[in-house]
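Notes for the structure review
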Amino acid sequence: MTSALTRRHLLAAAALAGLPAYGFAQGKLDKITVAGWNKAITEVMPVLVEPDKGFYKAQGIELAYVPGAGGGDAIRNILAGQADVAFTDPGSLFAALDKGEKLRAIYDIYPQNVFNVVALKSSGITRPADLKGKRIGVYSLSSGTRQGLQVLLHQAGLKESDVTVVVTGLLNFAPLLQGQVDATAATDTGLAIGRRRGLGEVNVIEVGQSLNVSSDLFVVREETYQQKKDALRRLLAAYRNAAAWMVAQPEEAARLGGTRAIDGSDTALALEIIKLRNASTVSPLTQKAGLGTMDVASLQKAADVYHRLGIISRPLKVAEVGSAGLLPGPCSKQGRAQACSSRAR
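Each chain carries its own residue numbering, running from 1 in the direction its sequence is written. With pLDDT at 70 or above as the cut-off, local features in this predicted model cover only qualifying residues; side-chain atom pairs require 80 or more to be listed or tallied, and sums for whole chains, interfaces and linings still use all residues. The basis for the side-chain values is all heavy atoms of the structure; hydrogens and waters are excluded.

Considerations on the sheet that holds strand 2 (residues 61–66)
If you walk across this open sheet you meet the five strands as 2-1-3-10-4, and the pairing is mixed. The sheet is open, and its two edges are formed by strand 2 and strand 4 (103–110), each paired on a single side. Along the sheet, successive strands turn relative to each other by an average axial angle of 25 degrees, direction set aside. Contact definition: two residues touch when any of their heavy atoms are within 4.5 Å. Lines fitted to C-alpha atoms define the axes, with helix axes restricted to the stretch in contact, and inter-axis angles between N-to-C directions lie between 0 and 180 degrees. For helices the rule is a DSSP run of H or I covering at least 4 residues; for strands it is a run of E covering at least 2, with both sets numbered from the N terminus onward. This element, helix 10 (residues 229–248), spans strand 1 (30–35), strand 2, strand 3 (85–88), strand 4 and strand 10 (216–221) of the sheet and lies at about 10 degrees to strand 4. Here, any two strands with at least 2 DSSP bridges between them count as paired.

Here is the structure:
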């Protein structure tokens, strides 16, 4: 991850936290279900904190959350009608688009790449080329960890068939410590948890050094986009307020994580996770144009890389599926070129 969380970012986020509500708190609420890539863990506190802060109710939204096992799971849940919005990674979006699914990306949750591959110091694995012939753990076969691993392998001239992919489960470093895998694909927060649990000295290969693209997006079916624009617009306003609150008030978020997140009992660890996720929430573009603004050019570059490396079978035009028109508030002059390149259609 290349962006630091600066005081300017904090001030901008704090200002965004004051975005006006629509005033639907006492009226009928529109139910929106978000399909997650994981369970109710600390890093998704902007979704979990609703009972305490009421960000979504203030926008006329009744929020529900469906857990999953990877970004691909989140997309399958919206395609099956089990949810309205997928909390998913760009790779899973590209894979679904490649299969002909009609989807829209409407909000950039984490504009920084948080994926990595971790190996014990004793393994001698320090670069992608060293992964050849090794056993590599991933959260699931439909997760962003696998997508990140594929990018690293292809950038090193390797195929996925040059390694053995092992499903280890979410946020799980035990197989690495037990010698069941030689390295494991993870995230920055997963690594933080692993270190707290005695992981020891490791070598970390950051996917962002090869391709610094967003880690997660909100994605909807085209039908949902066309039918629920107003509710989705209010959902994004609420999420943006919740994310800005977490950036501005990380200690409060960590404290509330103790009751809302399944992994939030260790407040110090929860705070570390929240600070990592806050850093991935902001970028130079979001500082100019607001949280959630999609960097269409960056996503297009990633889609081109995925096609060039054979991860997807055909070229994709991200501008046709990335829609900034539901983001709350007018686009700023500085961010207009990128933030508004794909308006609601």
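A few points about the packing of aromatic side chains
Working definition: rings of Phe, Tyr and Trp (its six-membered ring) pair if their centres are within 6.5 Å, and the pair is stacked with planes under 30 degrees apart, edge-to-face with planes over 60 apart, and tilted otherwise. The tally for this structure, following the rule as stated, stands at eight aromatic pairs. Taking the centre distance of 6.0 Å and the plane angle of 50 degrees together, the rings of Phe 55 and Trp 245 count as tilted. Placement of the pair is Phe 55 in the loop between helix 3 (50–53) and strand 2 and Trp 245 in helix 10, with a sequence separation of 190 residues. With respect to burial, Phe 55 and Trp 245 carry one shared label: buried. Taking 5.3 Å as the distance between ring centres and 80 degrees as the angle between the ring planes, the aromatic pair formed by Phe 94 and Tyr 306 counts as edge-to-face. Each residue is placed in one exposure class: buried if its accessible area under a 1.4 Å probe, protein chains only, is under 20% of its type's maximum, exposed if it is over 50%, and partly exposed if it falls in between.

As for the nonpolar core
Formed by 54 residues in total, the largest nonpolar core has its most connected members in Tyr 56, Phe 87, Ile 106, Tyr 107, Phe 218 and Tyr 239. If you tally residues by element for this core, the top one is helix 10, at eleven residues. Excluding residues that lie within four positions of it along the chain, Tyr 56 makes contacts with Pro 46, Val 47, Glu 50, Ile 61, Leu 63, Leu 235, Ala 238, Tyr 239 and Ala 242. The set of buried Ala, Val, Leu, Ile, Met, Phe, Trp, Tyr and Cys residues whose side-chain atoms join them within 4.5 Å is what this entry labels a nonpolar core. Core analysis: the next-biggest nonpolar cluster, separate from the first, contains 45 residues, Ala 35, Ile 205, Val 213 and Val 296 among them.

Structural notes on the sheet that holds strand 9 (residues 202–206)
One open sheet accounts for five strands, arranged 7-6-8-5-9; its pairing is mixed. Looking at which strands have only one partner, the edges of the open sheet turn out to be strand 7 (164–167) and strand 9. Going from strand to strand, the sheet's axes swing by 30 degrees on average, the running direction of each strand aside. Note: strand 5 (residues 115–120) against strand 9, five bridges, orientation antiparallel. Of the residues in strand 9, the one forming a bridge with Asn 116 is Glu 206.

Observations concerning helix 14 (residues 296–308)
The terminal C-alpha atoms of helix 14 lie 18 Å apart, and with 13 residues this matches the ideal 18 Å at 1.5 Å per residue to within 8%. Residues of helix 14 that are buried include every one of Val 296, Ser 298, Leu 299, Gln 300, Ala 302, Ala 303, Val 305 and Tyr 306, and no others. Looking at the residues trailing helix 14, positive phi occurs at Gly 310, about 85 degrees. Here the expected length of a helix is defined as 1.5 Å per residue gap, with one fewer gap than residues.

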